[in-house]
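Observations on chain architecture
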Amino acid sequence: RRAAPAAPRSAPPRVLRLPPPTAAAFDTLTASLSTAWDSIKKDGALTPANIKAPLRDVRRALLEADVALPVVRQFVARVEAAALGVKVTKGVAPDQQLVKVVYDELKSLMGGEREDLNVPTSGPAVILLAGLQGVGKTTAAGKLASLLRSRGQRVLLVAADVYRPAAIDQLKMLGGQLGVDVFAPGADQAPEAIAAAGAAKGRAEKYDAVVVDTAGRLTVDDAMMAELRACAEATSPTDTLLVVDAMTGQEAATLTAAFAAATPLTGAILTKLDGDSRGGAALSVRAVSGAPIKFVGTGEKLDALEPFYPDRLAGRILGMGDVLTLVEKAEAAVSEADAERLTKRMMSAKFDFDDFLEQYRMVTGMGGMGAMLKMIPGVGAIGDKQMAAAEKQFKIYESMIQSMTAAERKNPDLLARVPSRRRRVARGSGRAEADVAGLIAMFAGMRSRMRSLTQMMAGGGAGAPGMPSMTNDELMRATIDSAAAGVAPGKVRRRRPRAANGKGFGGKAVARNSM
């Protein structure tokens with residue numbers, strides 16, 4: 001009997017390839033500008049001839065970053081005029097001179113100096129938020145209230161967005177999370193009437209600040225602009241802030257111009273700056289409206305609103321880092337007592353896996369390792385893939401440390417001496433024993449550097465008191481020796497294959513002849 005024809009093979013399932021995660025704002029611009037200086041490194045000075053190529057690269061980089069075309073033209077013209085007029089400094093390369101010129105012009109384009117909220121002569125500060133629907137205006141109101149509250153101010157949120165579904169409920173929820181009062185008489189009243197009543201309540205009840213969340217629209221129209229003007233006239237705000245989505249791109253210039261024509265703007269809040277790889281809106285808002293960017297949203301949490309510093313952002317765009325912001329984040333995330341305690345443990349060489357894990361979690365609380373590294377001068381050139389790999393590796397370290405006993409975390413020597421402990425940690429974290437050995441090697445190297453630093457600070461002595469019982473070389477040697485223990489000469493260690501019934505993580509180690 002002839003066999004039945006084989007069933008046709010089904011096509012392999014299609015693999016859905018997700019796009020890579022979006023880089024932080026300005027990463028693309030930073031990478032593009034870094035190549036603009038290469039063509040003039042070999043020259044002795046900046047001239048009209050050799051400056052054309054890097055300026056062309058700068059123009060292209062800004063356009064790719066979604067900076068508005070009129071702003072790009074004005075910026076490049078100013079850079080060219082300033083670069084050709086710069087004095088030649090002995091020992092300074094022309095590419096460094098051009099970077100300095102671009103830095104100064106970028107800082108000027110974004111406002112020059114940091115500008116905070118206006119201070120009222122009497123009564124509370126009334127802050128009117130304007131913007132289209134979907135830019136994060138209501139969330140920005142909550143973040144601003146959180147920021148003002150952290151400054152010790154008593155804040156009142158006013159729900160004047162009566163058109164968007166659940167806008168009032170969202171503001172009430174944000175106020176409840178923050179412990180901030182919310183004035184919300186209802187959606188059946190006119191926005192200008194709600195804004196006026198909220199400002200009056202703020203004055204009568206001695207609030208320090210009143211934040212008014214006005215109504216938005218999907219597009220700019222005359223009705224919204226008339227309503228915004230009415231709210232401004234009813235409240236006499238000390239600040240009228242335009243909320244702009246950083247992902248808007250070149251359209252941000254058009255929106256800013258429309259709102260600036262409707263009512264005088266005193267500043268802007270740039271949202272979603274953590275999720276856009278281009279960030280051209282930040283370079284367009286000030287040039288179009290004349291109003292400075294006062295705050296930027298850097299995350300989804302309510303405390304993710306930061307003051308905007310043009311000089312710091314210009315430095316980050318050019319790969320110069322941002323040490324001041326790094327220090328401020330560290331001060332906010334780590335208490336002085338915790339920092340002092342960790343420093344003493346490091347200097348006394350009592351640093352263990354618990355301390356290592358605590359340090360890693362501190363960095364995570366400051367925004368992640370990648371965000372921190374980009375603020376360090378000279379490190380910004382590290383690629384996103386390298387940073388992602390480093391963060392992934394530290395998460396693996398965390399899982400292995402959490403699989404250790406308290407005694408093993410306090411005394412890494414136990415893991416170095418006893419291979420069965422390493423195998424147990426590997427099983428608990430879903431890793432290989434070699435990964436645990438790699439963690440010990442990394443930790444030993446870190447402890448070795450701490451020991452060297454301690455000896456230098458102590459004047460070259462034998463080290464600080466309280467050193468672990470095993471030196472770092474001994475720790476590494478014990479790990480290597482214990483891994484080879486129990487195997488006869490001419491044999492190598494291997495593992496039995498996993499049982500067919502799926503039970504167990506592997507059998508006992510057996511030996512076989514080496515080839």
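As for the overall build of the protein chain
Along the protein chain, the regular secondary structure elements total 21 helices and ten strands. Counting over 515 residues, the protein chain shows a buried share of 42%. In the protein chain, of all internal contacts separated by at least 6 residues, the share reaching a separation of at least 24 is 72%. Here the protein chain has roughly 26600 Å² of accessible surface; of this, 55% comes from carbon and sulfur atoms.

A closer look at the environment of leucine 55
Structurally, leucine 55 can be placed in helix α2 (residues 52-64). Note: C-alpha distance between leucine 55 and alanine 77 (22 residues apart in sequence) is 9.2 Å. Excluding residues that lie within four positions of it along the chain, leucine 55 makes contacts with Val76, Val79 and Glu80.

A short note on empty space enclosed by the protein
Across all of its chains, the model carries one cavity of 30 Å³ or more by this definition. Ala160, Pro191, Thr214, Ala215, Met224, Glu227, Leu228 and Cys231 are the residues that line the largest cavity. Here the residues of the lining of the largest cavity are counted per class, giving six nonpolar, one polar and one charged.

With respect to the side chain of threonine 214
Looking at the element boundaries, threonine 214 is found in strand β4 (residues 209-214). Within the local environment of threonine 214, its side chain forms a polar contact with the backbone oxygen of leucine 129, the two atoms lying 2.5 Å apart. If we ignore the near neighbours within four places in the chain, the residues touching threonine 214 are Leu128, Leu129, Ala130, Lys137, Ala160, Asp161 and Leu228.

As for the packing of helix α7 (residues 191-204) against helix α8 (residues 222-235)
At a closest axis distance of 8 Å, the pairing of α7 and α8 adopts a crossing angle of 25 degrees. What the angle tells us is that α7 and α8 run roughly parallel. When you trace α7 past α8, the crossing you get is right-handed. Of the residues in α8, those touching α7 at Pro191, Glu192, Ala195, Ala196 and Ala199 are Glu227, Ala230, Cys231, Ala234 and Thr235. For the contact of α7 with α8, the per-class residue count stands at seven nonpolar, one polar and two charged.

A short note on the pattern of salt bridges
Going through the model one piece at a time under the given rule, you end up with 17 salt bridges. Between arginine 424 and glutamate 408 there is a salt bridge, with its nearest N and O atoms 2.6 Å apart. Placement of arginine 424 in helix α19 (residues 419-429) and of glutamate 408 in helix α17 (residues 406-410) is noted, with a sequence separation of 16 residues between them. Judged by its relative accessible area of 0%, glutamate 408 falls in the buried class. The network of salt bridges with common partners includes Lys137, Asp161, Arg164 and Asp213.

Things to note about the side chain of lysine 143
Its place among the elements puts lysine 143 in helix α5 (residues 137-150). Its relative accessible area of 9% is what places lysine 143 among the buried residues. In contact with lysine 143, other than residues within four places in its own chain, are Gly299, Glu300, Lys301, Leu302, Ala304 and Leu305.

Notes on the packing of aromatic side chains
The full count for this structure, using the stated rule, is four aromatic pairs. Ring centres of phenylalanine 356 and phenylalanine 394 lie 5.9 Å apart, and the angle between their planes is 20 degrees; this geometry places the pair in the stacked category. Of the two residues, phenylalanine 356 sits in helix α14 (residues 353-365) while phenylalanine 394 sits in helix α16 (residues 384-402), which places them 38 residues apart along the sequence. Overall, phenylalanine 394 belongs to the partly exposed group, its relative accessible area being 23%. Ring geometry for phenylalanine 356 and tyrosine 397: centres 6.3 Å apart, planes at 65 degrees, overall edge-to-face. Within this pair, whereas phenylalanine 356 is found in helix α14, its partner tyrosine 397 is found in helix α16, the two being separated by 41 residues in sequence. Three or more aromatic residues link up through ring pairs in this structure, and these residues are Phe356, Phe394 and Tyr397. Positioned over the ring face of phenylalanine 295 is arginine 114, at 5.4 Å from the centre of the ring. Geometry around tyrosine 207 places arginine 154 over its ring, the cationic atom sitting 3.9 Å from the centre.

Observations concerning the sheet that holds strand β7 (residues 293-297)
Note on sheets: strands pair through backbone hydrogen bonds, and any given pair is parallel or antiparallel. An order of β3-β2-β4-β1-β5-β6-β7-β8 is seen for the eight strands of this open sheet, with the pairing classed as mixed. Both edges of this open sheet fall to β3 (181-183) and β8 (305-307), since each of them pairs with a single strand only. For this sheet, the mean inter-axis angle between neighbouring strands, taken without regard to orientation, is 25 degrees. Across three bridges, strand β6 (residues 267-271) lies against β7 in parallel orientation. Counterpart to alanine 268 in the pairing with β7 is isoleucine 293. Along the sheet face, α7 touches β1 (125-130), β2 (155-160), β3 and β4 and points at about 165 degrees away from the line of β2.

Cut-off values and rules
- Residues numbered from 1 in each chain as written.
- Predicted model: local features only at pLDDT ≥ 70, side-chain atom pairs only at ≥ 80, totals over all residues.
- Heavy atoms only, no water.
- Helix = DSSP H or I, 4+ residues; strand = E, 2+ residues; numbered from the N terminus.
- Buried < 20%, exposed > 50% of the residue type's maximum accessible area, 1.4 Å probe, protein only.
- Contact = heavy atoms within 4.5 Å.
- Areas by Shrake-Rupley, 256 points an atom, 1.4 Å probe, with all protein chains shown as cover.
- 1 Å grid on protein atoms, 1.4 Å probe; cavity = no way out; pocket = protein on both sides within 12 Å on 5 of 7 lines; lining within 4 Å.
- Points joined across faces, edges and corners; volume = space filled by probe spheres on them.
- Nonpolar A, V, L, I, M, F, W, Y, C, P; charged D, E, K, R; others polar.
- Polar contact = N/O pair within 3.5 Å; in protein donor to acceptor, adjacent residues only side chain to side chain.
- Axes fitted to C-alpha atoms, helices over the stretch in contact; angles between N-to-C directions.
- Parallel < 35°, antiparallel > 145°, perpendicular 65-115°, else oblique.
- Left-handed = near helix turned anticlockwise from the far one by under 90°.
- Salt bridge = Lys/Arg side-chain N within 4 Å of Asp/Glu carboxyl O.
- Phe/Tyr/Trp six-rings, centres within 6.5 Å; stacked < 30°, edge-to-face > 60°.
- Lys NZ or Arg CZ within 6 Å of the ring centre and 35° of its normal.
- Pairing = 2+ DSSP bridges.

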